[in-house]
Amino acid sequence: MATEAFDDRDGYIWMDGVFTPWRDAKVHVLTHAMHYASCVFEGERAYGGVIFESLRHSQRLAKSAETMGFDLPISIDELERVKAEALQRSGLESAYIRAFAWRGSEMMGVSAQANTIHVAVAVWPWGDYFEDKMKGIRMSHAQWRRPAPDTAPYHAKAAGLYMICTLSKHKAEVDGYADALMLDYRGQVAETTGANIFFLQDGALHTPTPDCFLNGITRQTTIKLARARNIEVIERAIMLEDLGSFSECFITGSAAEITPVSEIAGINYKPGAVSEALVNDYSDLVFGRIAMPA
Ligand code: PMP
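Read on for an overview of the structure. Predicted, not measured: the structure shown is a model, and the values here were computed from it.

## Considerations on helix α2 (residues 54-67)
Quick reminder: α-helices carry 3.6 residues per turn. Residues three or four places apart thus point the same way. In this model, α2 (14 residues) spans 20 Å end to end at C-alpha, consistent with the 20 Å of a helix rising 1.5 Å per residue. Turning to α2, its buried residues number three or more, namely His 57, Ser 58, Arg 60, Leu 61, Ser 64 and Ala 65. Take α2 and look down its axis: the buried residues cluster within an arc of 160°, on one side only. The elements touched by buried residues of α2 are β3 (39-47), α3 (76-90), β5 (95-103) and α5 (217-228). At the C-terminal side of α2, Gly 69 shows a positive phi close to 90°.

This is the structure:
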């Protein structure tokens, strides 16, 4: 999977107020974020030169920062302007946008009260998160569980929460799967390593209640799209034993968009009509061919 390394590209990354040549957008090795995961981030996509749900992503970044105990040193309005300019400078119509904020280098212990907060925005080309996605991806079970609400601040899109995601995704890939289904601390179905999950049963969509994992922007959008089609959406506890009772399954995320699932560890799903309709609706929505349903 050799790609052009992310620190060796042409272009500019906005960093702490300045569009910096891509290869010069660096931090020191003694940066709190790198040692203690004091970093929050967003993953967004642009379609036809417009960042989908840009404002909601910026607001979530600010909220994640607040949850981690710091304020962004940039207003939401300014962040919106910077993201739009970063996209424009990239020359890309379709792109992935990564906005992030982290604690710097003034203190290097667990305590980092005096650390400067840094912000950066990078834009790069990114196609489908999964190859051949309409075929459906195969998923295994993750060996790590989403922590309880009193164990980690699950509302934040914070770097530290991704440690168990990378471990789980790597294990899945080594075992020949595209991703892993994570259960929560109770053993209920939660989400994947970077996306939310939906199932179809008798014409209704079922999705886990987001009470210990990110209530994704794409998840919320998908619920609106489904309801606009008069598809019932039921948020509930989904148990492992339920997995065999569903006919279709798909995952949702800004990167994954809506991606059908063909298998979860031996249980098969058909990327069927409902998944396909919602994939198409999502595409129509992000390209502005339809309006966001109420
Ligand atoms: N869960 C996790 C763990 C994620 O990383 C993401 C991607 N941000 C999501 C869910 C989906 O969130 P969104 O639809 O807002 O991208």
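There is more to say after this.
## Things to note about the environment of Ala 180
Relative to the helices and strands, Ala 180 resides in strand β8 (residues 179-183). We classify Ala 180 as buried; it has 24 C-beta atoms within 10 Å. Contact partners of Ala 180, with chain neighbours within four places excluded, come to Met 139, Ser 140, His 141, Ala 142, Ser 168, Lys 169, Lys 171, Ala 172, Thr 192 and Thr 193.

## Some thoughts on α3
Compared with an ideal rise of 1.5 Å per residue, which puts 15 residues at 21 Å, α3 spans 21 Å between its outermost C-alpha atoms and is within 8% of the ideal. All of the buried residues in α3 are Leu 79, Lys 83, Ala 86 and Leu 87. Down the axis of α3, the buried set is contained in an arc of 95°. They therefore lie on one face. Of the exposed residues in α3, the ones pointing more than 90 degrees away from its buried face are Asp 77, Arg 81 and Gln 88. In this structure, the buried residues of α3 make contact with β1 (12-15), β3, β4 (50-51), α2, β5 and β6 (117-124). A positive phi of about 75° marks Gly 91, the residue just after α3.

What counts, and where the lines are drawn
- Residues numbered from 1 in each chain as written.
- Predicted model: local features only at pLDDT ≥ 70, side-chain atom pairs only at ≥ 80, totals over all residues.
- Helix = DSSP H or I, 4+ residues; strand = E, 2+ residues; numbered from the N terminus.
- Expected span 1.5 Å × (residues − 1).
- Buried ≥ 20, exposed ≤ 12 C-beta atoms within 10 Å, placed from the backbone.
- Arc of directions from axis to C-beta.
- Contact = placed C-beta atoms within 7 Å.

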